[in-house]
Amino acid sequence: MQFFDVIVIGAGAAGSSTALALSKRGQRVLLLEQFRVPHERGSSHGHSRIFRFAYDDPDYARLAMRSLSAWRQLELETQESVLHLFGGLDLGFAGNPSFERTAQTMSEVGAVYERLNSSQLKARYPQWNLADNAEALFSPEAGIVMPSRSVELMVAQARKLGATLLEDCVVQEIDLENTAVKTNQGDFAASQIVVAAGAWLPKLVPSLKAKLEVTLESVMYFAPKDVSVFTPARFPIFIDHNSLAYGFPAQGLPGVKLGLHQSGSRTDVETRGFEVPQQAISRAKTWLETHLPEDWRLIQARTCLYTNTPSHDFILDTHLNSSRVLLVSPCSGHGFKFAAYFGEMVADKLLGIPNEFDLPRFKLSNALQKGSAKLLSREILEQATA
Ligand SMILES: Cc1cc2nc3c(=O)[nH]c(=O)nc-3n(C[C@H](O)[C@H](O)[C@H](O)COP(=O)(O)OP(=O)(O)OC[C@H]3O[C@@H](n4cnc5c(N)ncnc54)[C@H](O)[C@@H]3O)c2cc1C
């Protein structure tokens, strides 16, 4: 049986970043991926993900700030740009709890931002049709990071530094006692294992099945009549605290990308579909027509998987039955922006260097607590509008 320092299961955002960080630290890494790299069946594919400091929670705001330098480091090492900062808007109104907490958090962590009242907002971004009491937080250090390309680059960089990648390699079982894995390409052992399996985590760790919810989420691209007013220079990324809609300017594809956070339905990784439900398309189009009056035409629709914890916090913890196996799931629909820094946290944890990995909120006992949602989410929105 071949032996490695660390086996990393899954070459998505978390696994590819971990394999790179460990290889940089001279570890002999085996990276196992059940599909090809990149693929479109998990959570880390597509053209764009929102990058922002603007969280309603200082832990995540600070993590995002750490992640910025990690992304720039990746760009330096690969001589390729994957993070584009052109500004972001948090839309809300005075008194909206998550909106106010976000403003407070930005001040607390020392992030640059401006609070715009309704007339300032309309003057600067006339595309929007918002209520008279609408307000916004503008953050210059926001924009997009490119998921599929970033994963490809992190895997390529890890391989350059000596990591072994096996594609089409399905881990069928984790042998906790011997810190080894059974796969369709043979068995492998290591000193430590990182399970970064995304929506497949409950399959490899059945005790989590009842606690994690996998949902099928949709993103849609709509072309306006006049795309010039929706380019990054004139139309920042946005998150709407009133509806959980989030969106991106026209970049790459000639249309605005829209998603409705946590609006997907529960699914199973084996039987999930790839069609975006018609209802999701109609809801998105109606939302756009109301808030960004234009003649919108659908040009593309994609599905993707969220792995949701009840708290919407990430899982960074050791396996209940083996301290040599780490469970890493940065999802609940908001993990990609941290990907470049994530691997650093996991690698340092494996090498015994304390870091944010140890934050209590990421432990299974906390992240899986029902009703413990604190971050901007459907629960928080319902509480605010109840
Ligand atoms: C629609 C949508 C919009 C999002 N928007 C944002 C955003 O704007 N900003 C943001 O920061 N985040 C966003 N996210 C969240 C972000 O994309 C995820 O948090 C992140 O991609 C999760 O990465 P992961 O590595 O945990 O999972 P994945 O990328 O799914 O990686 C898991 C990998 O493990 C492999 N695997 C699983 N089981 C096995 C096995 N048994 N053997 C071998 N390989 C295995 C899988 O094939 C997969 O490649 C969004 C997510 C979605 C779905």
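Each chain has its residues counted from 1, running along the sequence as written. Residue-level local features of this predicted model are given only where pLDDT is at least 70; pairs of side-chain atoms are given and counted only at 80 or more, and the full residue set underlies all totals for whole chains, interfaces and linings. For the side-chain quantities, the full set of heavy atoms in the structure was used; hydrogens and water were omitted.

1. Some remarks on the pattern of salt bridges
Okay, step 1: The working definition used for a salt bridge is a side-chain nitrogen of Lys or Arg within 4 Å of a carboxyl oxygen of Asp or Glu. Counted under the stated rule, the structure contains 27 salt bridges.
Okay, step 2: For R149, the salt bridge goes to E80, with nearest N and O atoms at 2.5 Å. Pair noted here: R149 is in helix α5 (residues 147–160) and E80 is in the loop between α2 (58–78) and β4 (83–85), with a separation of 69 residues, a long-range link.
Okay, step 3: Residue E80 is classed as partly exposed on the basis of its relative accessible area of 25%.
Okay, step 4: The partner of R266 in a salt bridge is E213, with the nearest N and O atoms 3.4 Å apart. Of this pair, R266 sits in strand β17 (residues 265–266) while E213 is found in strand β13 (residues 213–223), placing the two residues 53 residues apart along the sequence. Secondary structure counts use DSSP, requiring at least four H or I residues in a row for a helix and at least two E residues in a row for a strand, with both numbered from the N terminus. Here the term buried applies to any residue with accessible area under 20% of the maximum for its type, exposed to any over 50%, and partly exposed to those in between, with areas from a 1.4 Å probe on protein chains only.

2. Observations regarding the environment of G143
Okay, step 1: Mapped onto the elements of the fold, G143 is located in strand β8 (residues 143–145).
Okay, step 2: In this structure the C-alpha to C-alpha distance between G143 and F238, which are 95 residues apart in sequence, comes to 9.1 Å.
Okay, step 3: Throughout, a residue-residue contact means that at least one pair of heavy atoms, one from each residue, lies within 4.5 Å. Leave out the neighbours within four places in its chain, and G143 touches R49, I50, F51, H84, L85, F86, G87 and I237.

3. Regarding the side chain of E135
Okay, step 1: Within the secondary structure, E135 is located in strand β7 (residues 134–139).
Okay, step 2: Of the residues examined, E135 reaches a relative accessible area of 16% and is grouped as buried.
Okay, step 3: For the purposes of these results, a polar contact is taken to be a pair of N or O atoms within 3.5 Å, where, inside protein, one atom must be able to donate a hydrogen and its partner to accept one; residues adjacent in sequence count only when each atom of the pair is a side-chain atom. Separated by 2.7 Å, the side chains of E135 and R115 make a polar contact.
Okay, step 4: Excluding residues that lie within four positions of it along the chain, E135 makes contacts with D90, L91, G92, F93, A94, F99, R115, L116, N117 and L121.

4. Some details on the site of the ligand
Okay, step 1: Near the ligand lie 35 residues; those nearest to it are E33, H39, S44, C304 and P330.
Okay, step 2: A14 places a polar main-chain atom, nitrogen or oxygen, 3.0 Å from an oxygen atom of the ligand.
Okay, step 3: S43 is positioned such that a nitrogen or oxygen atom in its backbone is 2.8 Å from an oxygen atom of the ligand.
Okay, step 4: Accessible areas in this description were obtained via Shrake-Rupley with a 1.4 Å probe; residue shielding takes into account the shown protein chains only. In isolation the ligand exposes 1,000 Å². Once the protein is present, 97% of that is buried.
Okay, step 5: Sort the elements by how many residues they give to the shell around the ligand and strand β18 (residues 297–308) lands first, with three residues.
Okay, step 6: Taken together, the residues that form the shell around the ligand break down as 21 nonpolar, eleven polar and three charged. Note on definitions. A residue lies near a molecule or strand when any single heavy atom of the residue is within 4 Å of it. Residue polarity follows a fixed list, in which Ala, Val, Leu, Ile, Met, Phe, Trp, Tyr, Cys and Pro are nonpolar, Asp, Glu, Lys and Arg are charged, and the others, Gly among them, are polar.

5. Quick look at the packing of α2 against helix α3 (residues 97–109)
Okay, step 1: Axes here refer to lines fitted to C-alpha atoms; in helices the fit is confined to the stretch in contact. Angles between the N-to-C directions go from 0 to 180 degrees. Direction vectors running N to C along α2 and α3 enclose 55°, while the axes themselves pass 9 Å from each other. As the angle between them shows, α2 and α3 are arranged oblique. Pair α2 / α3 crosses with right-handed handedness. On α3, the residues touching P58, A61, R62 and M65 of α2 are T105, E108 and V109.
Okay, step 2: A class-by-class count of the residues in the contact of α2 with α3 yields four nonpolar, one polar and two charged. Roughly parallel refers to an angle under 35 degrees, roughly antiparallel to one over 145, roughly perpendicular to one between 65 and 115, and oblique to any angle outside these ranges. Less than a right angle of anticlockwise turn of the near helix away from the far helix marks a crossing as left-handed, whereas a clockwise turn marks it as right-handed.

Keep in mind these numbers describe shape, not what the thing actually does.
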